[in-house]
Amino acid sequence: MSLESLLDEIAGCRACAGDFDHEPRPVVRVGPETRILICGQAPGRLVHESGLPFDDPSGERLRAWMGINRDTFYSHPAIGCAAMAFCYPGTRRGADLPAPARCSSLWRGPLIAALPNVELTLLLGRPAHAWGLGPRNRASMDETVRAWRDFLPDILVAPHPSWRNTAWLKRNPWFETEAAPWLRGRVAALIGA
């Protein structure tokens with residue numbers, strides 16, 4: 001199946017419709033030239049509303065880590081986003097629900113296979129670490145991110161750029177002084193900046 005056909009099928013997916021109290025809206029942004037694939041857990045409410053991945057404060061932090069502006073993030077063909085689940089799962093008691101496993105099992109394999117030019121996968125948060133690293137994943141998010149150099153150059157593990165990880169980032173300033181500069185350099189090389 002072509003990437004275009006696969007993306008059309010994903011856009012029309014309603015497999016989790018019965019699990020949500022809202023209409024599913026798959027948010028995936030990739031293309032045949034995708035070289036940097038950004039994988040988080042699932043879209044949040046603001047992303048669900050806009051249809052743009054990382055169209056929220058976590059996106060601002062992510063773009064700062066990458067060293068690019070909003071326009072480059074959304075317009076450069078080398079940058080793609082495909083979370084573990086493509087639809088906003090909703091919230092319970094103020095926290096986003098976990099990404100439905102059904103989405104990943106239905107779409108992840110075919111989508112990755114249709115993106116042969118990916119040279120860097122950015123895994124944001126524990127669910128993405130578990131999927132992307134498999135048995136190489138460590139016992140905790142902290143341990144996995146501390147081992148970030150072990151997965152280079154094709155994978156960079158990071159905490160999710162959500163405000164929920166602000167305390168972790170304050171306790172671990174090395175991420176912003178060591179891992180983020182590596183990411184900025186790699187992104188610049190891959191997008192020709």
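Residues numbered from 1 in each chain as written. Predicted model: local features only at pLDDT ≥ 70, side-chain atom pairs only at ≥ 80, totals over all residues. Heavy atoms only, no water.

Colleague: Where do I start with the environment of arginine 126 in this structure?
Modeller: Along the polypeptide, arginine 126 turns up in helix H6 (residues 126–133). Residue arginine 126 is classed as partly exposed on the basis of its relative accessible area of 29%. In this structure, the C-alpha to C-alpha distance between arginine 126 and alanine 11, residues 115 residues apart in sequence, is 25 Å. In this structure, arginine 126 is in contact with Asn137, Arg138, Ala139, Ser140, Met141 and Thr144, ignoring residues within four places of it in sequence. (Helix = DSSP H or I, 4+ residues; strand = E, 2+ residues; numbered from the N terminus. Buried < 20%, exposed > 50% of the residue type's maximum accessible area, 1.4 Å probe, protein only. Contact = heavy atoms within 4.5 Å.)

Colleague: Can you help me understand helix H9 (residues 174–191) in this one?
Modeller: Because an α-helix packs 3.6 residues into every turn, residues spaced three or four apart end up facing the same way. With 18 residues, H9 extends 25 Å between its outermost C-alpha atoms, agreeing within 8% with the 26 Å of an ideal straight helix rising 1.5 Å per residue. Those residues of H9 that sit buried are Trp174, Phe175, Ala179, Ala180, Leu183, Arg186, Val187, Leu190 and Ile191. Phi turns positive one or two residues past the end of H9, at glycine 192, with a value near 75°. (Expected span 1.5 Å × (residues − 1).)

Colleague: Help me understand the packing of aromatic side chains, please; the structure alone is not making it clear to me.
Modeller: Under the counting rule described, the total for this entry stands at 7 aromatic pairs. Geometrically, the ring pair formed by tryptophan 65 and phenylalanine 175 is edge-to-face, given 4.9 Å between the ring centres and 65° between the ring planes. Remark: phenylalanine 175 occurs in helix H9 and tryptophan 65 occurs in helix H3 (residues 57–66); sequence separation between them is 110 residues. Like tryptophan 65, the residue phenylalanine 175 is buried in the burial classification. By way of ring pairs, the aromatic residues Trp65, Trp168, Trp174 and Phe175 are connected into one cluster. (Phe/Tyr/Trp six-rings, centres within 6.5 Å; stacked < 30°, edge-to-face > 60°.)

Colleague: Can you walk me through the sheet that holds strand E5 (residues 120–124) in this structure?
Modeller: Working definition: the strands of a sheet are paired by backbone hydrogen bonds and lie parallel or antiparallel to each other. Strand order across the open sheet formed by 4 strands is E2-E1-E5-E6, with parallel pairing between neighbours. Of all strands in the sheet, those bounded by a partner on one side alone are strand E2 (79–81) and strand E6 (155–158). When strand polarity is set aside, the average angle formed by the axes of neighbouring strands in this sheet is 20°. As paired strands, strand E1 (residues 36–39) and E2 are joined by 3 bridges and run parallel to one another. Each residue of the ladder has a partner; that of isoleucine 38, found in E2, is cysteine 81. Here H9 sits on the sheet and contacts E1, E2, E5 and E6; the angle it forms with E5, its principal contact strand, is near 145°. (Pairing = 2+ DSSP bridges. Axes fitted to C-alpha atoms, helices over the stretch in contact; angles between N-to-C directions.)

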